[in-house]
Amino acid sequence: MNPPDDRTYSDSHEWHKLDGDIVTLGVTKFAVDELTDITYAEMKPAGTVIEAGGSIGEIESVKATADVYSAVGGEIVEVNPALESDPSVLNSNPYMDGWLVKLRVTDTAPLKSLMDAATYSSKHQTS
Amino acid sequence: MLKTPFNKLHHDAGGRMVDFAGWEMPILYTGIIEEHKQVRHSGGLFDVSHMGRVWFKGKDVRRFLERLCTRRISDMQPGQCRYSLVCNEAGGVRDDVLVYRIDESEFMLVVNASNREKLLGHFDEIRGDLKVDIDDRTMKTAMVALQGPKVMDLIGKFSQEIPQLKRYRFVTKGVLMVKALVSRTGYTGEDGVEVILPNSVAGMAIDLIKREVDFTKPDAIIKPAGLGARDTLRLEAGMPLYGHELGEDIPAWSSDLSFAINLDKAEHEPKEQFIGFDAVREQAEKGTARKLVGMAMEGRRSARQGMIIQRNGEDVGLVTSACLSPTLEKPIAMGYVDSALADNGTKLDIIAGERTIAAEVVGLPFYKAKK
(Lines give C-alpha, C1' and ligand atoms only; values in the text may rest on other atoms or scores of the structure.)
Protein backbone atom coordinates (compact mmCIF):
# COMPACT_ATOMS: atom_id res chain seq x y z
CA MET A 1 0.00 0.00 0.00
CA ASN A 2 1.86 3.08 -1.25
CA PRO A 3 1.34 6.50 0.29
CA PRO A 4 -0.98 8.54 -1.98
CA ASP A 5 0.62 11.57 -3.62
CA ASP A 6 -2.27 13.95 -2.86
CA ARG A 7 -1.01 14.75 0.66
CA THR A 8 2.09 15.49 2.73
CA TYR A 9 3.92 13.41 5.31
CA SER A 10 5.72 14.10 8.59
CA ASP A 11 8.73 12.33 10.09
CA SER A 12 6.46 11.11 12.87
CA HIS A 13 4.40 9.19 10.24
CA GLU A 14 1.26 11.32 9.99
CA TRP A 15 -0.30 12.32 6.67
CA HIS A 16 -2.02 15.70 6.17
CA LYS A 17 -4.43 16.32 3.30
CA LEU A 18 -5.47 19.91 2.66
CA ASP A 19 -8.88 20.73 1.16
CA GLY A 20 -9.83 24.43 1.39
CA ASP A 21 -9.22 25.36 5.03
CA ILE A 22 -9.71 21.77 6.27
CA VAL A 23 -6.82 19.39 6.87
CA THR A 24 -7.67 15.70 7.18
CA LEU A 25 -5.07 13.89 9.25
CA GLY A 26 -4.15 10.24 9.62
CA VAL A 27 -1.20 7.94 10.10
CA THR A 28 0.76 6.04 7.46
CA LYS A 29 0.65 2.35 6.63
CA PHE A 30 4.28 2.13 7.75
CA ALA A 31 3.27 3.45 11.19
CA VAL A 32 0.33 1.07 11.67
CA ASP A 33 2.41 -1.89 10.50
CA GLU A 34 5.05 -1.00 13.08
CA LEU A 35 2.40 -0.73 15.80
CA THR A 36 0.72 -4.03 14.75
CA ASP A 37 -3.02 -4.57 15.27
CA ILE A 38 -4.66 -1.31 16.33
CA THR A 39 -7.07 -2.01 19.18
CA TYR A 40 -8.01 1.48 20.31
CA ALA A 41 -7.87 5.09 19.16
CA GLU A 42 -8.76 8.09 21.23
CA MET A 43 -8.68 11.51 19.59
CA LYS A 44 -9.23 14.81 21.35
CA PRO A 45 -12.87 15.84 20.88
CA ALA A 46 -14.23 18.23 18.26
CA GLY A 47 -13.76 21.80 19.40
CA THR A 48 -10.26 21.23 20.77
CA VAL A 49 -7.71 23.72 19.50
CA ILE A 50 -4.34 22.17 18.63
CA GLU A 51 -1.06 24.03 18.23
CA ALA A 52 1.26 23.14 15.37
CA GLY A 53 3.23 20.08 16.49
CA GLY A 54 0.69 19.29 19.21
CA SER A 55 -0.83 15.91 20.02
CA ILE A 56 -4.27 15.20 18.59
CA GLY A 57 -4.70 11.94 20.47
CA GLU A 58 -3.40 8.41 20.93
CA ILE A 59 -3.60 5.17 19.05
CA GLU A 60 -2.98 1.89 20.73
CA SER A 61 -2.02 -1.57 19.52
CA VAL A 62 -1.69 -4.89 21.28
CA LYS A 63 1.91 -4.00 22.02
CA ALA A 64 2.22 -0.23 22.34
CA THR A 65 0.61 3.17 22.64
CA ALA A 66 1.58 6.02 20.31
CA ASP A 67 0.80 9.74 20.32
CA VAL A 68 -0.35 11.26 17.05
CA TYR A 69 0.77 14.80 16.21
CA SER A 70 -0.49 17.48 13.87
CA ALA A 71 2.08 19.45 11.92
CA VAL A 72 -0.42 22.32 11.65
CA GLY A 73 -2.34 24.21 14.29
CA GLY A 74 -6.13 24.39 14.14
CA GLU A 75 -9.43 23.39 15.64
CA ILE A 76 -10.62 19.80 15.50
CA VAL A 77 -13.95 19.93 13.69
CA GLU A 78 -14.57 16.21 13.32
CA VAL A 79 -13.28 12.92 14.71
CA ASN A 80 -13.69 9.82 12.54
CA PRO A 81 -16.70 8.03 14.08
CA ALA A 82 -15.51 4.67 12.65
CA LEU A 83 -12.58 4.61 15.10
CA GLU A 84 -14.81 3.83 18.04
CA SER A 85 -16.66 0.91 16.50
CA ASP A 86 -13.74 -0.62 14.61
CA PRO A 87 -10.24 0.79 15.19
CA SER A 88 -8.81 -1.96 12.97
CA VAL A 89 -9.85 0.25 10.02
CA LEU A 90 -6.49 1.94 10.68
CA ASN A 91 -4.72 -1.28 9.75
CA SER A 92 -6.85 -2.09 6.73
CA ASN A 93 -7.25 1.35 5.24
CA PRO A 94 -5.09 4.03 6.90
CA TYR A 95 -5.20 6.47 3.95
CA MET A 96 -8.97 6.53 3.36
CA ASP A 97 -11.51 5.12 5.86
CA GLY A 98 -8.92 5.17 8.62
CA TRP A 99 -8.52 8.96 8.82
CA LEU A 100 -8.35 10.29 12.38
CA VAL A 101 -9.48 13.93 12.57
CA LYS A 102 -10.37 16.94 10.42
CA LEU A 103 -8.86 20.26 11.48
CA ARG A 104 -9.91 23.78 10.47
CA VAL A 105 -6.64 25.60 9.89
CA THR A 106 -5.70 29.23 9.43
CA ASP A 107 -2.00 28.87 8.62
CA THR A 108 -1.16 26.12 6.14
CA ALA A 109 2.53 27.12 5.90
CA PRO A 110 3.83 24.20 8.06
CA LEU A 111 2.46 21.73 5.47
CA LYS A 112 4.94 23.06 2.92
CA SER A 113 7.91 21.83 4.95
CA LEU A 114 6.55 18.25 5.07
CA MET A 115 7.56 15.42 2.72
CA ASP A 116 5.80 14.42 -0.44
CA ALA A 117 4.79 10.79 -0.92
CA ALA A 118 7.91 9.85 -2.90
CA THR A 119 10.27 11.30 -0.30
CA TYR A 120 8.38 9.63 2.54
CA SER A 121 8.36 6.29 0.72
CA SER A 122 12.08 6.42 0.08
CA LYS A 123 12.72 7.03 3.77
CA HIS A 124 10.30 4.41 5.05
CA GLN A 125 9.83 1.23 3.08
CA THR A 126 6.19 0.24 3.21
CA SER A 127 5.01 -3.28 2.77
CA MET B 1 22.27 -11.98 16.96
CA LEU B 2 21.79 -15.65 17.75
CA LYS B 3 19.62 -17.64 15.36
CA THR B 4 17.53 -20.71 16.12
CA PRO B 5 17.45 -23.67 13.70
CA PHE B 6 14.04 -22.38 12.53
CA ASN B 7 15.33 -18.98 11.44
CA LYS B 8 14.71 -19.66 7.76
CA LEU B 9 11.19 -20.86 8.45
CA HIS B 10 10.44 -17.57 10.22
CA HIS B 11 11.70 -15.52 7.30
CA ASP B 12 9.90 -17.72 4.75
CA ALA B 13 6.65 -17.32 6.70
CA GLY B 14 7.00 -13.53 6.69
CA GLY B 15 7.97 -13.25 10.35
CA ARG B 16 8.71 -9.79 11.65
CA MET B 17 11.99 -10.43 13.40
CA VAL B 18 13.10 -8.68 16.57
CA ASP B 19 15.97 -8.95 19.03
CA PHE B 20 14.71 -10.97 21.98
CA ALA B 21 17.36 -11.50 24.68
CA GLY B 22 20.03 -11.60 21.97
CA TRP B 23 18.09 -13.95 19.67
CA GLU B 24 16.51 -13.05 16.34
CA MET B 25 12.91 -14.12 16.96
CA PRO B 26 9.53 -13.50 15.25
CA ILE B 27 7.27 -11.11 17.14
CA LEU B 28 4.52 -11.93 14.64
CA TYR B 29 3.89 -13.36 11.16
CA THR B 30 0.47 -12.05 10.06
CA GLY B 31 -0.81 -10.34 13.20
CA ILE B 32 -0.76 -10.84 16.95
CA ILE B 33 -4.54 -11.00 17.37
CA GLU B 34 -4.99 -13.40 14.43
CA GLU B 35 -2.26 -15.72 15.74
CA HIS B 36 -3.67 -15.50 19.27
CA LYS B 37 -7.12 -16.57 18.04
CA GLN B 38 -5.62 -19.34 15.91
CA VAL B 39 -4.09 -20.83 19.05
CA ARG B 40 -7.31 -20.50 21.06
CA HIS B 41 -9.47 -22.05 18.32
CA SER B 42 -7.17 -24.56 16.65
CA GLY B 43 -3.40 -24.58 17.07
CA GLY B 44 -0.18 -22.64 16.85
CA LEU B 45 3.47 -23.53 16.37
CA PHE B 46 5.94 -21.51 18.43
CA ASP B 47 9.71 -21.57 18.16
CA VAL B 48 10.91 -21.36 21.75
CA SER B 49 14.47 -22.48 21.02
CA HIS B 50 15.77 -19.26 22.56
CA MET B 51 14.89 -20.58 26.01
CA GLY B 52 17.74 -22.15 27.94
CA ARG B 53 17.99 -25.94 28.24
CA VAL B 54 20.42 -27.26 30.81
CA TRP B 55 21.02 -30.89 31.82
CA PHE B 56 22.13 -31.96 35.31
CA LYS B 57 23.57 -35.33 36.14
CA GLY B 58 25.51 -36.90 39.00
CA LYS B 59 25.46 -38.38 42.45
CA ASP B 60 24.40 -35.15 44.20
CA VAL B 61 21.98 -33.88 41.57
CA ARG B 62 18.96 -33.97 43.86
CA ARG B 63 20.73 -32.06 46.62
CA PHE B 64 21.88 -29.50 44.08
CA LEU B 65 18.38 -28.98 42.69
CA GLU B 66 16.76 -28.86 46.15
CA ARG B 67 19.21 -26.07 46.96
CA LEU B 68 18.41 -24.28 43.71
CA CYS B 69 14.62 -24.66 43.45
CA THR B 70 11.87 -23.47 45.79
CA ARG B 71 9.80 -26.51 44.91
CA ARG B 72 10.46 -30.01 46.11
CA ILE B 73 12.31 -32.00 43.45
CA SER B 74 13.29 -35.32 45.04
CA ASP B 75 9.79 -36.82 45.04
CA MET B 76 9.34 -36.24 41.31
CA GLN B 77 8.88 -39.33 39.18
CA PRO B 78 10.98 -39.91 36.07
CA GLY B 79 8.90 -38.51 33.21
CA GLN B 80 7.46 -35.71 35.35
CA CYS B 81 7.82 -31.92 34.94
CA ARG B 82 7.42 -29.35 37.67
CA TYR B 83 7.27 -25.56 37.62
CA SER B 84 9.55 -23.93 40.21
CA LEU B 85 11.09 -20.63 41.16
CA VAL B 86 14.80 -19.99 41.66
CA CYS B 87 15.21 -17.39 44.40
CA ASN B 88 17.95 -15.06 45.55
CA GLU B 89 19.04 -14.72 49.20
CA ALA B 90 16.69 -11.77 49.70
CA GLY B 91 13.67 -13.83 48.64
CA GLY B 92 13.36 -12.23 45.22
CA VAL B 93 13.12 -14.31 42.05
CA ARG B 94 16.17 -15.09 39.92
CA ASP B 95 14.06 -16.98 37.40
CA ASP B 96 11.12 -19.30 37.00
CA VAL B 97 11.94 -22.69 35.52
CA LEU B 98 10.48 -25.98 34.41
CA VAL B 99 12.22 -29.00 35.92
CA TYR B 100 12.14 -32.32 34.02
CA ARG B 101 13.13 -35.52 35.80
CA ILE B 102 14.70 -37.75 33.16
CA ASP B 103 15.78 -40.63 35.41
CA GLU B 104 17.08 -41.37 38.88
CA SER B 105 20.14 -39.13 38.59
CA GLU B 106 19.45 -36.92 35.58
CA PHE B 107 17.31 -33.78 35.32
CA MET B 108 16.82 -30.99 32.81
CA LEU B 109 15.79 -27.38 33.35
CA VAL B 110 14.16 -25.01 30.89
CA VAL B 111 15.00 -21.43 31.86
CA ASN B 112 14.20 -17.99 30.46
CA ALA B 113 16.44 -16.83 27.62
CA SER B 114 17.15 -13.52 29.33
CA ASN B 115 18.30 -15.29 32.51
CA ARG B 116 20.29 -18.18 31.07
CA GLU B 117 23.78 -16.73 31.47
CA LYS B 118 23.01 -15.32 34.90
CA LEU B 119 21.74 -18.74 36.00
CA LEU B 120 24.72 -20.62 34.58
CA GLY B 121 26.91 -18.46 36.83
CA HIS B 122 24.57 -19.10 39.74
CA PHE B 123 24.66 -22.88 39.18
CA ASP B 124 28.45 -22.84 39.38
CA GLU B 125 28.38 -20.70 42.49
CA ILE B 126 26.01 -22.89 44.49
CA ARG B 127 27.41 -26.23 43.30
CA GLY B 128 30.22 -26.06 45.88
CA ASP B 129 31.64 -29.54 46.27
CA LEU B 130 28.47 -31.33 45.17
CA LYS B 131 29.03 -33.92 42.46
CA VAL B 132 26.92 -32.57 39.58
CA ASP B 133 27.71 -32.27 35.90
CA ILE B 134 26.06 -29.22 34.36
CA ASP B 135 25.60 -29.32 30.61
CA ASP B 136 24.07 -26.30 28.83
CA ARG B 137 22.73 -27.70 25.55
CA THR B 138 20.80 -24.59 24.51
CA MET B 139 22.88 -24.11 21.37
CA LYS B 140 22.78 -27.80 20.40
CA THR B 141 19.04 -28.29 20.74
CA ALA B 142 15.84 -26.73 19.46
CA MET B 143 12.48 -26.38 21.16
CA VAL B 144 9.02 -25.89 19.73
CA ALA B 145 5.65 -25.51 21.41
CA LEU B 146 2.52 -26.82 19.67
CA GLN B 147 -0.45 -25.31 21.47
CA GLY B 148 -4.19 -25.32 20.93
CA PRO B 149 -7.33 -27.45 21.25
CA LYS B 150 -6.72 -29.34 17.98
CA VAL B 151 -3.02 -30.05 18.52
CA MET B 152 -3.52 -33.43 20.19
CA ASP B 153 -5.55 -34.72 17.23
CA LEU B 154 -2.67 -33.82 14.96
CA ILE B 155 -0.11 -35.41 17.30
CA GLY B 156 -2.23 -38.55 17.25
CA LYS B 157 -1.25 -39.01 13.61
CA PHE B 158 2.37 -39.45 14.68
CA SER B 159 2.08 -41.11 18.06
CA GLN B 160 -0.52 -43.03 20.08
CA GLU B 161 1.46 -42.57 23.26
CA ILE B 162 1.78 -38.79 23.42
CA PRO B 163 -1.98 -38.01 23.50
CA GLN B 164 -2.18 -40.38 26.50
CA LEU B 165 0.31 -38.28 28.47
CA LYS B 166 -1.04 -36.49 31.51
CA ARG B 167 -0.40 -32.77 31.98
CA TYR B 168 3.16 -32.07 33.15
CA ARG B 169 4.41 -35.48 32.02
CA PHE B 170 6.86 -36.18 29.24
CA VAL B 171 8.30 -39.01 27.20
CA THR B 172 11.52 -39.48 25.31
CA LYS B 173 10.62 -40.52 21.79
CA GLY B 174 12.64 -41.70 18.87
CA VAL B 175 11.98 -39.18 16.10
CA LEU B 176 13.95 -39.31 12.85
CA MET B 177 16.51 -41.69 14.39
CA VAL B 178 17.24 -39.33 17.29
CA LYS B 179 15.77 -38.83 20.73
CA ALA B 180 13.26 -36.04 21.27
CA LEU B 181 11.72 -35.04 24.53
CA VAL B 182 7.97 -34.41 24.30
CA SER B 183 6.12 -32.90 27.27
CA ARG B 184 2.46 -32.06 27.75
CA THR B 185 3.22 -28.54 28.86
CA GLY B 186 2.91 -25.01 27.57
CA TYR B 187 2.60 -21.32 28.25
CA THR B 188 -0.67 -20.40 26.55
CA GLY B 189 -3.46 -21.82 28.70
CA GLU B 190 -4.23 -24.38 25.98
CA ASP B 191 -3.56 -28.08 25.76
CA GLY B 192 -0.51 -29.03 23.75
CA VAL B 193 3.07 -30.19 23.81
CA GLU B 194 6.56 -28.82 23.91
CA VAL B 195 9.23 -30.71 22.00
CA ILE B 196 12.98 -30.56 22.55
CA LEU B 197 15.17 -32.11 19.86
CA PRO B 198 18.71 -31.90 18.50
CA ASN B 199 19.41 -29.04 16.09
CA SER B 200 20.40 -31.52 13.39
CA VAL B 201 16.82 -32.77 12.93
CA ALA B 202 14.90 -29.57 13.70
CA GLY B 203 14.30 -28.78 10.03
CA MET B 204 13.22 -32.34 9.24
CA ALA B 205 10.79 -32.32 12.15
CA ILE B 206 9.08 -29.26 10.70
CA ASP B 207 8.94 -30.98 7.28
CA LEU B 208 7.20 -33.89 9.03
CA ILE B 209 4.53 -31.54 10.37
CA LYS B 210 4.27 -29.80 7.01
CA ARG B 211 3.42 -33.13 5.40
CA GLU B 212 0.21 -33.12 7.48
CA VAL B 213 -0.46 -29.39 7.61
CA ASP B 214 -0.14 -26.70 4.96
CA PHE B 215 0.61 -23.61 7.06
CA THR B 216 -0.39 -21.33 4.20
CA LYS B 217 -3.99 -22.57 4.03
CA PRO B 218 -6.52 -20.34 5.84
CA ASP B 219 -8.01 -23.33 7.68
CA ALA B 220 -4.69 -24.99 8.62
CA ILE B 221 -4.95 -26.84 11.96
CA ILE B 222 -1.74 -25.21 13.11
CA LYS B 223 0.03 -22.09 11.92
CA PRO B 224 3.22 -20.41 13.07
CA ALA B 225 2.65 -17.98 15.93
CA GLY B 226 5.05 -15.37 17.23
CA LEU B 227 6.22 -14.14 20.59
CA GLY B 228 3.62 -11.35 20.54
CA ALA B 229 0.77 -13.86 20.64
CA ARG B 230 2.65 -15.97 23.17
CA ASP B 231 2.65 -12.95 25.49
CA THR B 232 -1.07 -12.14 25.15
CA LEU B 233 -1.94 -15.85 25.50
CA ARG B 234 0.05 -16.27 28.71
CA LEU B 235 -1.43 -13.07 30.10
CA GLU B 236 -5.00 -14.29 29.50
CA ALA B 237 -3.99 -17.55 31.19
CA GLY B 238 -2.73 -15.55 34.20
CA MET B 239 0.80 -16.91 33.88
CA PRO B 240 3.61 -14.73 35.23
CA LEU B 241 6.56 -13.59 33.12
CA TYR B 242 10.03 -12.78 34.38
CA GLY B 243 10.71 -9.06 33.94
CA HIS B 244 7.04 -8.33 34.47
CA GLU B 245 5.45 -10.21 37.38
CA LEU B 246 8.69 -11.79 38.56
CA GLY B 247 12.00 -10.14 39.36
CA GLU B 248 14.99 -10.04 41.69
CA ASP B 249 13.34 -7.25 43.73
CA ILE B 250 9.83 -8.69 43.89
CA PRO B 251 9.15 -10.93 46.93
CA ALA B 252 8.54 -14.47 45.69
CA TRP B 253 5.65 -15.00 48.11
CA SER B 254 3.75 -12.00 46.73
CA SER B 255 3.51 -13.56 43.25
CA ASP B 256 0.55 -15.88 43.88
CA LEU B 257 2.82 -18.90 43.26
CA SER B 258 2.84 -20.49 46.71
CA PHE B 259 2.10 -23.86 45.05
CA ALA B 260 5.66 -23.70 43.69
CA ILE B 261 7.29 -22.88 47.05
CA ASN B 262 7.70 -25.77 49.50
CA LEU B 263 8.69 -24.20 52.82
CA ASP B 264 8.86 -27.65 54.43
CA LYS B 265 11.21 -29.23 51.89
CA ALA B 266 14.18 -29.46 54.31
CA GLU B 267 12.15 -31.87 56.45
CA HIS B 268 12.28 -34.40 53.59
CA GLU B 269 15.18 -36.27 52.06
CA PRO B 270 17.79 -35.12 51.16
CA LYS B 271 17.14 -32.40 53.79
CA GLU B 272 18.54 -29.63 51.66
CA GLN B 273 17.17 -26.08 52.03
CA PHE B 274 16.53 -23.76 49.08
CA ILE B 275 18.42 -20.52 48.65
CA GLY B 276 16.34 -17.61 49.88
CA PHE B 277 14.36 -19.82 52.29
CA ASP B 278 14.72 -17.55 55.36
CA ALA B 279 13.53 -14.50 53.46
CA VAL B 280 10.64 -16.30 51.76
CA ARG B 281 9.52 -17.89 55.04
CA GLU B 282 9.42 -14.42 56.58
CA GLN B 283 7.34 -13.17 53.63
CA ALA B 284 4.92 -16.05 54.18
CA GLU B 285 4.68 -15.53 57.95
CA LYS B 286 4.42 -11.74 58.03
CA GLY B 287 2.68 -11.28 54.72
CA THR B 288 3.99 -9.11 51.91
CA ALA B 289 3.25 -5.40 51.46
CA ARG B 290 1.87 -6.00 47.99
CA LYS B 291 0.30 -8.91 46.15
CA LEU B 292 -0.11 -9.87 42.53
CA VAL B 293 -3.67 -9.43 41.25
CA GLY B 294 -5.59 -9.61 38.01
CA MET B 295 -7.50 -6.53 36.91
CA ALA B 296 -10.33 -6.10 34.41
CA MET B 297 -11.30 -2.80 32.84
CA GLU B 298 -14.24 -1.33 30.97
CA GLY B 299 -13.92 0.15 27.49
CA ARG B 300 -11.13 -0.76 25.09
CA ARG B 301 -8.19 1.23 26.34
CA SER B 302 -5.42 -0.97 27.73
CA ALA B 303 -3.12 -0.18 30.63
CA ARG B 304 0.66 -0.58 30.14
CA GLN B 305 3.50 -2.03 32.21
CA GLY B 306 4.75 0.58 34.68
CA MET B 307 1.50 2.55 35.00
CA ILE B 308 0.68 3.60 38.55
CA ILE B 309 -2.37 2.13 40.26
CA GLN B 310 -4.26 4.43 42.64
CA ARG B 311 -7.10 4.17 45.12
CA ASN B 312 -8.75 7.41 46.28
CA GLY B 313 -5.84 9.39 44.83
CA GLU B 314 -3.15 7.42 46.70
CA ASP B 315 -0.53 5.33 44.88
CA VAL B 316 -1.20 1.70 45.80
CA GLY B 317 0.50 -0.33 43.07
CA LEU B 318 2.00 -0.80 39.63
CA VAL B 319 0.86 -2.53 36.44
CA THR B 320 3.23 -5.34 35.37
CA SER B 321 1.50 -6.63 32.18
CA ALA B 322 -1.53 -5.51 30.23
CA CYS B 323 -3.26 -5.87 26.88
CA LEU B 324 -6.63 -5.76 25.23
CA SER B 325 -7.57 -9.41 25.62
CA PRO B 326 -8.15 -10.81 22.13
CA THR B 327 -10.43 -13.52 23.53
CA LEU B 328 -12.47 -11.44 25.99
CA GLU B 329 -12.26 -8.25 23.89
CA LYS B 330 -11.73 -6.12 26.97
CA PRO B 331 -8.61 -4.78 28.64
CA ILE B 332 -6.91 -7.05 31.18
CA ALA B 333 -3.88 -6.47 33.36
CA MET B 334 -1.78 -7.96 36.09
CA GLY B 335 -0.03 -5.88 38.69
CA TYR B 336 1.01 -5.55 42.30
CA VAL B 337 -1.26 -3.71 44.75
CA ASP B 338 -1.22 -3.15 48.51
CA SER B 339 -2.23 -6.44 50.09
CA ALA B 340 -5.29 -4.87 51.74
CA LEU B 341 -6.64 -4.07 48.26
CA ALA B 342 -6.03 -7.47 46.67
CA ASP B 343 -9.54 -8.87 47.19
CA ASN B 344 -11.70 -9.53 44.15
CA GLY B 345 -14.11 -6.69 43.44
CA THR B 346 -11.82 -3.93 44.77
CA LYS B 347 -12.13 -0.82 42.57
CA LEU B 348 -8.87 0.76 41.46
CA ASP B 349 -7.73 3.56 39.15
CA ILE B 350 -4.92 3.09 36.65
CA ILE B 351 -3.16 6.32 35.70
CA ALA B 352 -2.68 6.44 31.91
CA GLY B 353 -1.12 9.82 31.22
CA GLU B 354 -3.82 12.45 31.61
CA ARG B 355 -6.54 9.83 31.76
CA THR B 356 -7.62 7.39 34.42
CA ILE B 357 -8.78 3.88 33.60
CA ALA B 358 -11.29 2.36 36.03
CA ALA B 359 -10.23 -1.17 36.98
CA GLU B 360 -11.50 -3.91 39.23
CA VAL B 361 -9.57 -6.72 40.90
CA VAL B 362 -10.58 -10.08 39.45
CA GLY B 363 -9.40 -13.64 40.03
CA LEU B 364 -6.77 -15.22 37.78
CA PRO B 365 -6.74 -16.68 35.20
CA PHE B 366 -8.72 -14.39 32.90
CA TYR B 367 -9.24 -17.31 30.53
CA LYS B 368 -9.48 -21.05 31.08
CA ALA B 369 -9.62 -23.58 28.25
CA LYS B 370 -12.61 -25.92 28.08
CA LYS B 371 -11.67 -29.47 29.04
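Bear in mind that the values here come from a model prediction, so they are computed numbers and not experimental data. (Residues numbered from 1 in each chain as written. Chains lettered and ligands numbered in written order. Predicted model: local features only at pLDDT ≥ 70, side-chain atom pairs only at ≥ 80, totals over all residues. Heavy atoms only, no water.)

## Considering the overall build of chain B
Let me state the cut-off plainly: A helix here means a DSSP run of H or I that spans at least four residues, while a strand means a run of E at least two residues long, and both kinds are numbered starting from the N terminus. A radius of gyration in this sense is built from C-alpha atoms; the matching globule rule multiplies 2.2 Å by the number of residues raised to 0.38. Buried residues are those whose accessible area, probed at 1.4 Å on protein chains only, stays under 20% of the maximum for their type, while exposed residues exceed 50% and partly exposed ones sit between those limits. Only heavy atoms matter for contacts: two residues are in contact if any of them lie within 4.5 Å across the pair. Every accessible area reported is derived by Shrake-Rupley at a probe size of 1.4 Å, with residue values counting cover from the shown protein chains alone. Only four residue types enter the charge count, namely Lys and Arg as positive and Asp and Glu as negative; His and the chain termini do not. All charge positions are set by atom: Lys at NZ, Arg at CZ, Asp at CG, Glu at CD.
Secondary structure summary: chain B contains eight helices and 19 strands in total. At 21 Å, chain B has a C-alpha radius of gyration in line with the 21 Å of a compact globule built from 371 residues. Seen through its principal axes, chain B has C-alpha atoms that stretch 65 × 55 × 40 Å. Within chain B, the proportion of its 371 residues that are buried is 58%. In chain B, the share of contacts with a sequence separation of at least 24, taken over all contacts with a separation of at least 6, comes to 65%. For chain B, the exposed surface amounts to about 16,100 Å²; the carbon and sulfur share of it is 48%. Positive and negative side-chain charges of chain B, numbering 52 and 53 respectively, have mean locations separated by a distance of 4 Å.

## Quick word on the sheet that holds strand S15 (residues 308–311) of chain B
All names here are of chain B. Which entries qualify depends on this criterion: Two strands pair if DSSP finds at least two bridges between them. Whenever a helix is involved, its axis is fitted only over the stretch in contact; in every case the axis is a line through C-alpha atoms, and angles between N-to-C directions fall within 0 to 180 degrees.
The antiparallel closed barrel is built from six strands, whose spatial order is S14-S17-S16-S15-S18-S19. If you compare each strand with its neighbour and ignore which way they point, the axes differ by 40° on average. As judged from the seven bridges shared by strand S14 (residues 290–297) and strand S17 (residues 331–338), these two strands associate in the antiparallel manner. Counted as the bridge partner of alanine 296 is isoleucine 332 from S17. Packing against the sheet, helix H7 (residues 227–236) makes contact with strand S16 (314–324) and S17, and its axis sits at approximately 125° to S16.

## What about the domain arrangement of chain B?
Residue and element names in this part refer to chain B. The cut-off we apply is this: Domain delimitation follows an automatic or database domain assignment. Buried area: the accessible surface (1.4 Å probe) lost by two parts on joining, summed over both. Here a salt bridge means any side-chain nitrogen of Lys or Arg lying within 4 Å of a carboxyl oxygen belonging to Asp or Glu. We define a polar contact as two N or O atoms separated by no more than 3.5 Å, with the added condition that, inside protein, one atom must be a possible hydrogen donor and the other a possible acceptor, whereas residues neighbouring each other in sequence contribute only through side-chain atom pairs. Here the term charged refers only to Asp, Glu, Lys and Arg, the term nonpolar to Ala, Val, Leu, Ile, Met, Phe, Trp, Tyr, Cys and Pro, and the term polar to all other amino acids, Gly among them.
You can read the domains of chain B as domain 1 (7–51 + 138–236), domain 2 (53–111 + 251–283) and domain 3 (289–362). Taken together, the 15 residues of domain 1 in the interface contact 13 residues of domain 2. Regarding the contact of domain 1 and domain 2, the summed buried area is about 1,300 Å², with carbon and sulfur atoms giving 61% of it. Among the residues of domain 1 in contact with domain 2, Met51, Tyr168 and Phe170 are the three that bury the most area, contributing 45% of the side total. Run the count over domain 1 and domain 2 and you get zero salt bridges. Between the two partners, domain 1 and domain 2, sit seven residue pairs in polar contact (both at pLDDT 80 or more). Listing elements by their share of the side of domain 1 that touches domain 2, those giving two or more residues are strand S9 (141–147), strand S11 (178–183) and strand S12 (192–198). Ranked by residues supplied to the side of domain 1 that touches domain 2, first place goes to S9 with three residues. Per-class residue counts for the side of domain 1 that touches domain 2 are eight nonpolar, five polar and two charged.

## Details of the sheet that holds strand S5 (residues 80–87) of chain B
Residues and elements named next belong to chain B. Taking strand neighbours across the sheet as the criterion, the five strands line up as S5-S6-S7-S4-S8 in an open arrangement whose pairing is antiparallel. Two strands in the sheet have a free side with no partner beyond their single neighbour: S5 and strand S8 (133–136). In this sheet, neighbouring strand axes are inclined to one another by 25° on average, regardless of whether the strands run parallel or antiparallel. Relative to strand S6 (residues 93–103), S5 is paired through eight bridges, and the arrangement is antiparallel. The partner of leucine 85 across the bridge, within S6, is aspartate 96.

## A look at the interface of chain A and chain B
With 15 residues of chain A at the contact, the number on the chain B side is 17 residues. Across the interface of chain A and chain B, roughly 1,400 Å² is buried in total on both sides, 46% from carbon and sulfur atoms. Its largest share of buried area at the contact with chain B, chain A owes to Thr39(A), Val62(A) and Lys63(A), together 36% of the area lost on that side. Applying the counting rule to chain A against chain B returns five salt bridges. Of the charged contacts in the structure, one is a salt bridge between Glu60(A) and Arg301(B), with a shortest N-O distance of 3.5 Å.

## Description of empty space enclosed by the protein
Residues and elements named next belong to chain B. Stated formally: Only protein atoms enter the calculation, which uses a 1 Å grid: trapped sets of points that fit a 1.4 Å probe without letting it out are cavities, open sets showing protein on both sides within 12 Å along at least five of seven lines are pockets, and any residue with an atom within 4 Å of a point is a lining residue. Grid points are joined across faces, edges and corners, and a volume is the space filled by probe spheres set on the points.
Inspection of the entire model under this criterion finds one cavity of 30 Å³ or more. Here the largest cavity is characterised by a volume of approximately 50 Å³. The wall of the largest cavity is formed by Phe6, Leu9, His10, Tyr29, Leu45, Phe46, Asp47, Val144, Ile206 and Pro224. Elements that contribute at least two residues to the lining of the largest cavity include exactly helix H1 (7–12) and strand S3 (44–47). By residue number, the principal contributor to the lining of the largest cavity is S3, which donates three residues. When the residues that make up the lining of the largest cavity are grouped by side-chain class, the tally is eight nonpolar, one polar and one charged.

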